[in-house]
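Take a look at the letters that make up each chain.
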Amino acid sequence: MQTLVTGLSVGGIYSLMAVGYSLIFSILSFSNFAHGAVIMLGAYIGLALATRLHWGLGLVVAGSVVGAGIISVFNERVAYAALRRRRAPSLFLMISAMGCSVFLENTVYATIGSRFFAFPEFFRREVVSLWGSSLSLLDLFAFTVSVGAIFALHLFITKTKTGIAIRAGVNDMTMCSLMGVNTDRLISIVFFLAGAFAGVAGVFLGIKYLVYPTMGWVTNKAYIAAVIGGLGSLPGALAGGLILGVLETLVSTYLSSVLRDVFSFTMLIALLIWLPNGLMGRETEEKI
Amino acid sequence: MKRFLIFCAAAVLAFANAAFAAEPVRIGHTVSLTGGASMWGQSEANAVDMLVKKINAEGGILGRPVEVIRYDNRNDAVESVNVARRLAGDKVIAVIGPAQSGNSIATAPILERAEIPMIVTTATNPYVTVDQKTEKVRPYAFRPCFIDPFQGTVAARFAADRLGAKKAAILYDVGSDYGQWLSKYFEDAFTARGGKVVAKEAFRSEELDYRAQLGKIREFAPDVFFIPTSQKEAALAAKQARDLGISAVLLGTDNWGSPDLIDLGGEAVDGAYFVNLADLDDPDIRSFVTEYRKTFGGDPVLPNPIMAQDALIMIAEAAKAAGSIEGPKLAEALANLKDIRVTSGVLTMDPSNHNPLDKPAVIQKVDVKKKAFVFVEKYQGR
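About the criteria used
Residues numbered from 1 in each chain as written. Chains lettered and ligands numbered in written order. Predicted model: local features only at pLDDT ≥ 70, side-chain atom pairs only at ≥ 80, totals over all residues. Helix = DSSP H or I, 4+ residues; strand = E, 2+ residues; numbered from the N terminus. Rg over C-alpha atoms; globule rule 2.2 N^0.38 Å. Buried ≥ 20, exposed ≤ 12 C-beta atoms within 10 Å, placed from the backbone. Contact = placed C-beta atoms within 7 Å. Nonpolar A, V, L, I, M, F, W, Y, C, P; charged D, E, K, R; others polar. pLDDT = per-residue confidence, 0-100. Domains from an automatic or database assignment. Pairing = 2+ DSSP bridges. Core = buried A, V, L, I, M, F, W, Y, C linked by C-beta atoms within 7 Å. Axes fitted to C-alpha atoms, helices over the stretch in contact; angles between N-to-C directions. Parallel < 35°, antiparallel > 145°, perpendicular 65-115°, else oblique. Left-handed = near helix turned anticlockwise from the far one by under 90°.

Caption draft 1: Seen up close, the overall build of chain A. Per the secondary structure count, chain A includes eleven helices and two strands. A compact globule built from 288 residues should have a C-alpha radius of gyration of about 19 Å, and chain A, at 18 Å, falls within 12% of that. Along the first, second and third principal axes, the C-alpha atoms of chain A reach 55 × 45 × 35 Å. In chain A, buried positions account for 50% of the 288 residues. Within chain A, contacts between residues at least 6 apart in sequence are counted, and of these 77% link residues at least 24 apart.

Caption draft 2: Representation of the overall build of chain B. Helix and strand content of chain B: twelve helices and 16 strands. Whereas a compact globule of 382 residues would reach a radius of gyration of roughly 21 Å, chain B reaches 22 Å, a difference of no more than 12%. If you line up chain B on its principal axes, its C-alpha atoms span 90 × 45 × 35 Å. Taking all contacts inside chain B whose residues are at least 6 apart in sequence as the whole, residues at least 24 apart take part in 68%.

Caption draft 3: View of the interface of chain B and chain A. Taken together, the contacts link 27 residues of chain B with 22 residues of chain A. Listing elements by their share of the side of chain B that touches chain A, those giving two or more residues are β7 (196-203), α7 (211-219), α8 (231-243) and α9 (260-265) of chain B. The leading source of residues in the side of chain B that touches chain A is α7(B), at five residues. Taken together, the residues of the side of chain B that touches chain A break down into nine nonpolar, six polar and twelve charged.

Caption draft 4: How the structure looks around the confidence of the model for chain A. Mean pLDDT over chain A: 83, with 95% of residues reaching 70 or higher. Here strand β1 (residues 127-130) of chain A stands out as the least confident element of chain A, with mean pLDDT 72; helix α2 (residues 35-51) of chain A is the most confident, with 92.

Caption draft 5: Representation of the domain arrangement of chain B within the structure. Here chain B is partitioned into domain 1 (2-146 + 284-351) and domain 2 (148-276 + 362-379). The C-alpha-based centres of domain 1 of chain B and domain 2 of chain B are spaced at 32 Å.

Caption draft 6: Fine view of the environment of E207(B). Assignment of secondary structure puts E207(B) in the loop between β7 and α7. Separated by eleven residues in sequence, E207(B) and R218(B) place their C-alpha atoms 20 Å apart.

Caption draft 7: Main features of the environment of I363(B). Residue and element names in this part refer to chain B. Following the sequence through the fold, I363 ends up in strand β15 (residues 361-367). Judged by the 22 C-beta atoms lying within 10 Å of it, I363 falls in the buried class. For I363 and Y273, which are 90 residues apart along the polypeptide, the C-alpha to C-alpha distance reads 6.6 Å.

Caption draft 8: Quick look at the environment of E267(B). Residues and elements named next belong to chain B. Position of E267 relative to the elements: it lies in the loop between α9 and β10 (273-276). Residue E267 is classed as partly exposed on the basis of its 15 C-beta neighbours within 10 Å. Residues E267 and G323 lie 56 residues apart in sequence; the distance between their C-alpha atoms is 55 Å.

Caption draft 9: View of the sheet that holds strand β2 (residues 66-72) of chain B. All names here are of chain B. Strand order in the open sheet formed by five strands is β2-β1-β3-β4-β5, and the pairing between neighbours is parallel. Whereas interior strands pair on both sides, the edge strands pair on one side only; in this sheet they are β2 and β5 (141-142). With two bridges joining them, strand β4 (residues 118-119) and β5 adopt parallel strand pairing. Note on β5: the bridge partner recorded for I119 is F142.

Caption draft 10: Geometry of the nonpolar core. Grouped together as the largest cluster of nonpolar side chains are 206 residues, with contacts concentrated most on A201(A), A159(B), F225(B), M314(B) and I315(B). When residues of this core are assigned to their parent elements, the largest contribution, 15 residues, is made by helix α1 (residues 2-28) of chain A. Composition of this core by domain shows at least three residues from each of domain 1 (2-146 + 284-351) and domain 2 (148-276 + 362-379) of chain B. Each residue touching M314(B), except ones within four places of it in the same chain, is listed here: I119(B), F142(B), P144(B), L334(B), L337(B) and V342(B).

Caption draft 11: Quick peek at the sheet that holds strand β8 (residues 224-226) of chain B. All names here are of chain B. With mixed pairing, the seven strands of this open sheet are ordered in space as β7-β6-β8-β9-β10-β15-β16. Pairing within the sheet leaves two strands with one partner each, and these edge strands are β7 and β16 (372-379). Strand-to-strand twist in this sheet, taken as the mean axis angle between neighbours without regard to direction, amounts to 25 degrees. Looking at chain direction, β8 and strand β9 (residues 249-252) are connected through three bridges and run parallel. Opposite F226, over in β9, you have L251 as the bridge partner.

Caption draft 12: View of the confidence of the model for chain B. For chain B, the average pLDDT comes to 89, and 94% of its residues sit at 70 or higher. We note a pTM of 0.76 for the whole complex and an ipTM of 0.74 for its interfaces.

Caption draft 13: Looking closely at the packing of α1(A) against helix α9 (residues 219-229) of chain A. All names here are of chain A. For the pair α1 and α9, the least separation of the axes is 8 Å and the interaxial angle reads 70 degrees. In terms of their interaxial angle, α1 and α9 are classed as roughly perpendicular. In this structure, α1 uses Y14, S15, M17, A18, Y21 and S22 to contact α9, whose residues at the interface are T219, K221, A222, Y223, A225, A226 and G229.

Caption draft 14: Quick look at unusual backbone geometry. Residues G97(B) and P98(B) are joined by a peptide bond in cis, for which omega reads -5 degrees. Cis geometry is adopted by the peptide bond preceding P303(B), which originates at L302(B) and carries an omega value of 0 degrees. Considering the arrangement of structural elements, one finds P303(B) in the loop between α10 (286-296) and α11 (304-322). Unlike most non-glycine residues, R87(A) shows phi in positive territory, near 55 degrees. Take R87(A): it is sitting in the loop between α3 (57-85) and α4 (90-111). Residue classification places R87(A) among the exposed positions, given that 6 C-beta atoms sit within 10 Å. Positive phi is not limited to glycine here, since N75(B) has a value of about 50 degrees. Positionally, N75(B) belongs in the loop between β2 and α3 (77-89).

Caption draft 15: How the structure looks around the packing of α1(A) against helix α10 (residues 234-255) of chain A. Residue and element names in this part refer to chain A. Remark: α1 packs on α10, axes separated minimally by 6 Å, with the N-to-C direction vectors making an angle of 140 degrees. Looking at the two axes, α1 sits oblique to α10. Regarding α1 and α10, the two cross each other, and that crossing is right-handed. For the contact of α1 with α10, the per-class residue count stands at 13 nonpolar, 13 polar and one charged.

Here you go:
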């Protein structure tokens, strides 16, 4: 039981990060490997707000959401927009994204340095008992917010006019622009949303662990989660994150903690071979 | 004519040698000025510069002034090898550093080939001064600090005797020599004292979430929880352990001794104990600490500055004893140093393994409210 609870709380954070990958993949059909770096910047923004301005948790999350959202839009405008207009293959976009990620990480190294930072303690170190297993207050809160945010995003995409335009864009971008939708604006909105989720994930990761330039590294796991669920699918990202979190915890507990990543990445390779669309993904040829 | 030219060349060389006698003696310093260990590295560089000034004011080494050639090894094994090559090219007589066991093990063969003695500062792994394959002592590697078997034993003695612990759990980094060996030394010594290691769990370097391992450890309800990692992993493990309701006393090693342990770990590391090489409140180093504060306007980041000063004093004393700065003679004198006065106390080398015979270890307690490491106990070596 404890394993399951721990696994779900680890998975909640994976889901939150996987959503960013899925959103962007759904509309531009490429894996935005700069997402990890945006999460890292989101964490630094949150950290600055919490330690310099002494804001409370709600405001810190809000500030980080807006900040990371803007960074994400900016990233798209500078690095991807030109490629997109030239109708470059999605492989080019992906390589550009990797470049952005290395650029952003090293910019932080050069300006802020490689020091580790910790958030001030927003939660009392209190243990909640849940069906006989213990869970920290923070984990419970992070899990609730993650699932809530993903649900809200789902509502936004299915119920609002902008959401419908995004879904139309997912189906056929050219047709969508012929119907009078401003696709540049649409893509900016999608990147803002992905950035917003990166902001939330960054703050939670920072509180849970530490803030440092290569913290975006964990997004490799989120990427696997997105692949499990099917890249481009929101419910898939949620389910994929939770499944990966639980499976990893089971492997570490009952087999060996050292084998955990061997297992996760084997799963990634196996899925790409036998089930490239994941659990809930749509049919596509390219998955990178 | 040809013979005359050769004679001229020889005469010029001889003359040049005589003129160079007043040239400075170069000592290499390989240290992490950037990267994760830069906090200690910067402080170490300060302490070495402070002592060089003093040595030069007192006449230098064998009447020649000392010049330090310093390169940043960025706490990276590959970069450490590059730095060692560069220092060998600079014709230094001896090298101070590196501070970390992995970097030191990478550096040792290069300086050995160049016949340049190296005195590492805080590298505590036994295989820094002894070749792991042949089990023979490395002729050019020395250290002024204690080694991990002693550190692991001290931690186990403290856990069993002072804390009265019967059951211990261990969490270590499977990718680090430091953690793997310390876990073993601790386990051996703790078992020898009648205790039992109930859970021994590992994680991979760079991993941040240890809750799966900690969940397993919790089931055994250990009295003491030994975490031989750096301060970053220790802080994370402490937080996550408390979140899972593990109430065991936390016990760490000298890598914990960084001021940011308290910033990173917060409440979770309060009351934890760890083994360290030196303590700011140790009366033996009081005069050093006062001088350092006066010169640089802050506390030295222990233990590296102390150990680097010890290393420099060892080089100076060995050169005096040998009456020479040639590599082989200097190395022999270093191996036979006896009862010399160093910054951390008194030092005698063990010629069989190039480790000091009587280096003490201190136990410190983490006090989060005071934001300090409080001196608890001192264990004498030997």
